[in-house]
Amino acid sequence: NAGVTQTPKFRVLKTGQSMTLLCAQDMNHEYMYWYRQDPGMGLRLIHYSVGEGTTAKGEVPDGYNVSRLKKQNFLLGLESAAPSQTSVYFCASSYLGTERTPLHFGNGTRLTVT
Amino acid sequence: KQEVTQIPAALSVPEGENLVLNCSFTDSAIYNLQWFRQDPGKGLTSLLLIQSSQREQTSGRLNASLDKSSGRSTLYIAASQPGDSATYLCAVPQETSGSRLTFGEGTQLTVNP
């Protein structure tokens, strides 16, 4: 059982470049989330989805876009990368909302923007 | 705005010791409190979820308690082992923010053989 899988694991971008982070879950979870983790800032929610075809903004959505075309996949896009987006990005999923069920995390993508 | 604090930021103990990790939150209007474990270079693993109506939850050597009115939770680890070395984070979904979890910054635990 793979759980939550993120690709790629590492990426280096130059300022202004674009990229897409991929997240896939095989647990038939309705909810999916993108977080970033930074030293001294903890984990912060970027965007989330409560089901196929839906997306919503989290705490720090600026500079990112997301899409949930299929229930099992949640994509995070950076249209024009900035050094401030250097971080570790985590995808997570839950069967229902976090008010009722726990989160399951992927192993993260370490992104460096130079 | 909900704030979650974990003290201490780091803790080092000898193997076999029982220990307590602390988590405090400022807004008691929460659905539940969740404890996670994070190993270096890895994602978070869910350990325990305590609903707001519960006072404690147990899994193996782990016991988590919740005092919603005072804004506190503790994670008790019995008979610690070197394999318990990791960062432990707590998080709360606030009633007014739906599925948004607010995380603490974690306690980095080292269990020495």
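See above for the structure.
Residues numbered from 1 in each chain as written. Chains lettered and ligands numbered in written order. Predicted model: local features only at pLDDT ≥ 70, side-chain atom pairs only at ≥ 80, totals over all residues. Heavy atoms only, no water.

Caption draft 1: Molecular detail of the interface of chain B and chain A. The interface of chain B with chain A comprises 21 residues on the first partner and 24 residues on the second. Interface area for chain B against chain A, summed over the two sides, is near 1700 Å², with a carbon-plus-sulfur share of 51%. Linking chain B with chain A are 1 salt bridge, by the criterion used here. A salt bridge links E59 of chain A to K1 of chain B; its shortest N-O distance comes to 3.7 Å. Applying the counting criterion to the chain B and chain A interface returns 4 residue pairs in polar contact (both at pLDDT 80 or more). Going through the elements one at a time, β4 (32–38), β5 (44–51), β9 (86–93) and β10 (101–103) of chain B are the ones with two or more residues in the side of chain B that touches chain A. Broken down by class, the residue content of the side of chain B that touches chain A amounts to 8 nonpolar, 9 polar and 4 charged. (Contact = heavy atoms within 4.5 Å. Buried area = accessible area lost by both parts, 1.4 Å probe. Salt bridge = Lys/Arg side-chain N within 4 Å of Asp/Glu carboxyl O. Polar contact = N/O pair within 3.5 Å; in protein donor to acceptor, adjacent residues only side chain to side chain. Helix = DSSP H or I, 4+ residues; strand = E, 2+ residues; numbered from the N terminus. Nonpolar A, V, L, I, M, F, W, Y, C, P; charged D, E, K, R; others polar.)

Caption draft 2: Spotlight on the packing of aromatic side chains. One pass over the structure, following the stated rule, counts 10 aromatic pairs over all chains. Of the aromatic side chains, those joined through ring pairs into one cluster are Y31, Y33, Y35, Y48, F90 and F105 of chain A together with F36 and F103 of chain B. (Phe/Tyr/Trp six-rings, centres within 6.5 Å; stacked < 30°, edge-to-face > 60°.)

Caption draft 3: Region of the structure containing the nonpolar core. One finds L33, W35, L75 and I77 of chain B to be the most contacted residues of the largest nonpolar core, which totals 22 residues. Elements with a contribution of two residues or more to this core: β3 (19–25), β4, β5, β7 (62–67), β8 (72–77), β9 and β11 (107–112) of chain B. Excluding residues that lie within four positions of it along the chain, I77 of chain B makes contacts with E17, N18, L19, L21, R61, L62, D84, Y88 and L109 of chain B. In terms of nonpolar packing, the next biggest core, distinct from the first, is built from 19 residues, L13, V66, F74 and L111 of chain A among them. (Core = buried A, V, L, I, M, F, W, Y, C linked by side-chain atoms within 4.5 Å. Buried < 20%, exposed > 50% of the residue type's maximum accessible area, 1.4 Å probe, protein only.)

Caption draft 4: Examining the environment of G77 of chain A more closely. All names here are of chain A. Position of G77 relative to the elements: it lies in strand β8 (residues 73–78). Given a relative accessible area of 6%, G77 falls into the buried group. Along the chain, G77 and N65 lie 12 residues apart, while their C-alpha atoms are 5.0 Å from each other. Beyond its immediate chain neighbours, meaning those up to four positions away, G77 contacts M19, T20, G63, Y64 and N65.

Caption draft 5: Seen up close, the pattern of salt bridges. All names here are of chain B. Within the structure shown, the criterion is met by 6 salt bridges over all chains. The salt bridge involving D39 is made with R37; its shortest N-O contact spans 3.0 Å. Given a relative accessible area of 18%, R37 falls into the buried group. Between R61 and D84 there is a salt bridge; the shortest N-O distance is 2.8 Å. Of this pair, R61 sits in the loop between β6 (56–59) and β7 while D84 is found in the loop between β8 and β9, placing the two residues 23 residues apart along the sequence. By relative accessible area, R61 is classed as partly exposed at 30%. Residue class for D84 comes out buried when judged on its relative accessible area of 7%.

Caption draft 6: Here's a closer look at the state of the cysteines. Under the defined criterion, the tally for this structure stands at 2 disulfides over all chains. Here C23 of chain A engages in a disulfide with C91 of chain A; their sulfurs sit 1.9 Å apart. Residues C23 of chain A and C91 of chain A share a disulfide whose torsion about the S-S bond is about -75 degrees; that sign makes it left-handed. A residue pair is termed long-range when its members are at least 10 positions apart, and C23 of chain A in strand β3 (residues 19–25) and C91 of chain A in strand β9 (residues 87–94) qualify at 68 residues. At a sulfur-sulfur separation of 2.0 Å, the disulfide partner of C23 of chain B is C90 of chain B. (Disulfide = S-S within 2.5 Å.)

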